[in-house]
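Fold and contact review
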Amino acid sequence: MIGTMADSGEKTLSVLMRLLVSLVLPLWGLAMLVLGLKYGAGWWIGTGVVVGLIGAVMFVGSPVIDLVTGRR
């Protein structure tokens, strides 16, 4: 019984961590893009676009997002 509760807690923590990473990457890419546009820094713009696109792909393709939205 105790092992089952620990497994449930680990699964919950895993889902929350994956959801957090799925949300943080696109937001960080957007933040870098904004910094690049604000200061006219091409490096920040390019990096922000790449990180934002990778984050968006991971966000959309994440099975955790499917669980949260109810999609199958």
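Residues numbered from 1 in each chain as written. Predicted model: local features only at pLDDT ≥ 70, side-chain atom pairs only at ≥ 80, totals over all residues. Heavy atoms only, no water.

**Re the overall build of the chain**
Our working definition: The helix count covers DSSP runs of H or I at least four residues long, the strand count covers runs of E at least two residues long, and both are numbered beginning at the N terminus. Here's how the labels work: a residue is buried when its accessible area is under 20% of the maximum for its type, exposed when over 50%, partly exposed in between, all with a 1.4 Å probe on protein chains only. Surface accessibility follows the Shrake-Rupley procedure with a 1.4 Å probe radius. Residue values consider only the protein chains on display as shielding.
In terms of regular secondary structure, the chain is built from three helices and zero strands. The order of helices and strands in the chain, counted from the N terminus, is α-α-α. Here the chain, with 72 residues, has 17% of them falling under the buried criterion. Accessible area of the chain: about 5,500 Å², with a carbon and sulfur share of 77%.

**Things to note about helix α2 (residues 42–61)**
The line we're drawing: What a helix is expected to span follows from its residue count: subtract one and scale by 1.5 Å. For this quantity, the arc is that covered by the directions from the helix axis to the C-beta atoms.
In a regular helix each residue adds 1.5 Å, so 20 residues correspond to 28 Å; α2 covers 29 Å between its end C-alpha atoms and thus fits that length. By the burial criterion, the buried members of α2 are Gly 48, Val 51, Gly 52 and Gly 55. Down the axis of α2, the smallest arc covering the buried residues is 110°, so these residues share one side. Within α2, the exposed residues directed more than 90 degrees away from the buried face are Gly 42, Leu 53, Val 57, Val 60 and Gly 61.

**Here's the deal with a nonpolar patch on the surface**
Filter applied, for reference: For patches, a residue must show more than 30% relative accessible area and have no salt bridge; joins then use 9 Å for like charges and 5 Å for nonpolar side chains, namely Val, Leu, Ile, Met, Phe, Trp and Tyr. For this document, the term salt bridge refers to a Lys or Arg side-chain nitrogen within 4 Å of an Asp or Glu carboxyl oxygen.
Taken together, the side chains of Leu 13, Met 17, Leu 20, Val 24, Trp 28, Leu 35, Tyr 39, Trp 43 and Trp 44 present a nonpolar region at the surface, about 1,000 Å² in accessible area. Looking at the nonpolar patch element by element, the count peaks at seven residues for helix α1 (residues 2–39). Relative to the helices and strands, Trp 44 is located in helix α2.

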